[in-house]
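Architecture at a glance
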Amino acid sequence: MEKTKQFDIPKRLFVQAYKLVKVNAGAAGVDAESLDKFAIDLKDNLYKLWNRMSSGSYFPPAVKAVAIPKKSGGTRILGIPTVGDRICQTVAKLMLEPEVERCFLPDSYGYRPNKSALDAIGITRQRCWKYPWVLEFDIKGLFDHLPHNLLMKAVRKHAKHKWEILYIERWLKVEMKMPDGQNIARSCGTPQGGVISPILANLFMHYTFDLWMTRNYPHINWCRYADDGLMHCHSLKQAENLLKSLKKRLKECGLEVHPGKTRIVCCKVKVRNNRYPYKSFDFLGYTFRARKCKDSQGEVFTGFNPAASKSSMKAMRRKVRILNVRNRADLSLEDISNWMNPIIQGWINYYGKYNRSELYKVWRHFNQTLIAWAMKKYKRLRKRKKAAGLFIEGIAKRNPKLFANWRIGMIGVFI
């Protein structure tokens, strides 16, 4: 007869968590165990996780430190948990998320069910039409600097079960294994890359920023996506005073604004001789600035609107180069289509939502890559770029649905 466990955690949660982890895929952690390897003895592995968590004897292994490039340059460190630990964190997430979602505010968009970055872009677009000034802020190293004492205070307020509190505290303190094999102890922050980390960061910011704004500045519209946020103001003075208050508030909570990514931006488009230096801002991969637009009657006017940022387009072109499409002469054009279309369609779905024509340079770069591929694949086209361009252009006209960017009319930019 099975002994009574210290914590009553339903077994079904581990099956559900495994399925979610499997969908999200991801690399192996410090134990080098992949999802495929974990699945070989799935039933027994899930039972072991349930048994250890239910008895209170589960101690998470160190997270694997992995450096990934940032769009703005440089790298950020992700902490990759093991497959088993990702499952355990997902179990905790399944229990905690419904509790905190009840209290989160509508203008918090990051890492939340039924909310997206495009929702945040859409509401920001509307507000930039209404308010002439916006305070753009970014929190410096949010995931790395969350004070554990304040965060656990918030967790204890919302977690319904003692085991959630116990294991979240253990996950916060888990060591990070660096590429050189050294284990680094952590006294603050939550590993960026952990399943539970986004919820914990959102919970901390709910009390640090969201509720603070609601209490102290109920008349100011704001929008936050994780550590990036915007506040819309009526005047420059109002924005300057708000920035001072924000810096003070964040300092009280162990955080600070990123000096290079925090500024006040003028959203006015009809003021002559406006010499204010900042007239655009980047938010979630989009650049907001004054642009020529057409209304429903076709009349041209100037509006403060979003379009894919230069850094986003640079990242898309870099992705095509990294994938080395031009040198895959072993593939047919149909193979490349099947390979690249999910990626291209994802770009269209996100960056093409507003001012799709801004992506022209990306599509031109991709078409040029196809020309380079044709020159590599066919001997008759080698060192004949114009002929290769006409060759790809002919295919595009005969089969305009072959590539996702061709489907939206980006044909004829080959030469």
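Before reading on, note that the structure itself is shown above.
Being a predicted model, the structure only gives us computed values, none of them experimental.

Quick notes on helix 8 (residues 162-173)
Over its 12 residues, helix 8 runs 17 Å from end to end, which matches the ideal 16 Å to within 8%, given 1.5 Å per residue. Packed against the buried residues of helix 8 are helix 3 (42-55), helix 4 (83-101), helix 7 (148-158) and helix 9 (197-216).

A few points about the packing of aromatic side chains
In total, this model carries 22 aromatic pairs according to the counting rule given. Counting every residue linked through ring pairs, the aromatic cluster contains Phe137, Phe209, Trp212, Tyr217 and Trp222. Here Arg328 stacks its cationic end above the ring of Trp339, 5.7 Å away from the centre of that ring.

Side note on the environment of Met213
Looking at the element boundaries, Met213 is found in helix 9. The class of Met213 is buried, set by a relative accessible area of 0%. The spacing of Met213 and Asn114 is 99 residues in sequence and 23 Å in space, taken between C-alpha atoms. Not counting residues within four places of it along the chain, the set of residues in contact with Met213 comprises Pro218, Ile220, Trp222, Met231 and Leu242.

Brief notes about the sheet that holds strand 5 (residues 183-184)
Read across the sheet, four strands follow the order 2-1-4-5 without closing on themselves; strand pairing throughout is mixed. Both outer strands of the open sheet, strand 2 (75-80) and strand 5, are each paired with one neighbouring strand and no more. In terms of strand pairing, strand 1 (residues 63-69) meets strand 2 through six bridges, oriented antiparallel. In the sheet register, Ala65 faces strand 2, and the bridge partner there is Gly79.

Definitions and cut-offs
- Residues numbered from 1 in each chain as written.
- Predicted model: local features only at pLDDT ≥ 70, side-chain atom pairs only at ≥ 80, totals over all residues.
- Heavy atoms only, no water.
- Helix = DSSP H or I, 4+ residues; strand = E, 2+ residues; numbered from the N terminus.
- Expected span 1.5 Å × (residues − 1).
- Contact = heavy atoms within 4.5 Å.
- Phe/Tyr/Trp six-rings, centres within 6.5 Å; stacked < 30°, edge-to-face > 60°.
- Lys NZ or Arg CZ within 6 Å of the ring centre and 35° of its normal.
- Buried < 20%, exposed > 50% of the residue type's maximum accessible area, 1.4 Å probe, protein only.
- Pairing = 2+ DSSP bridges.

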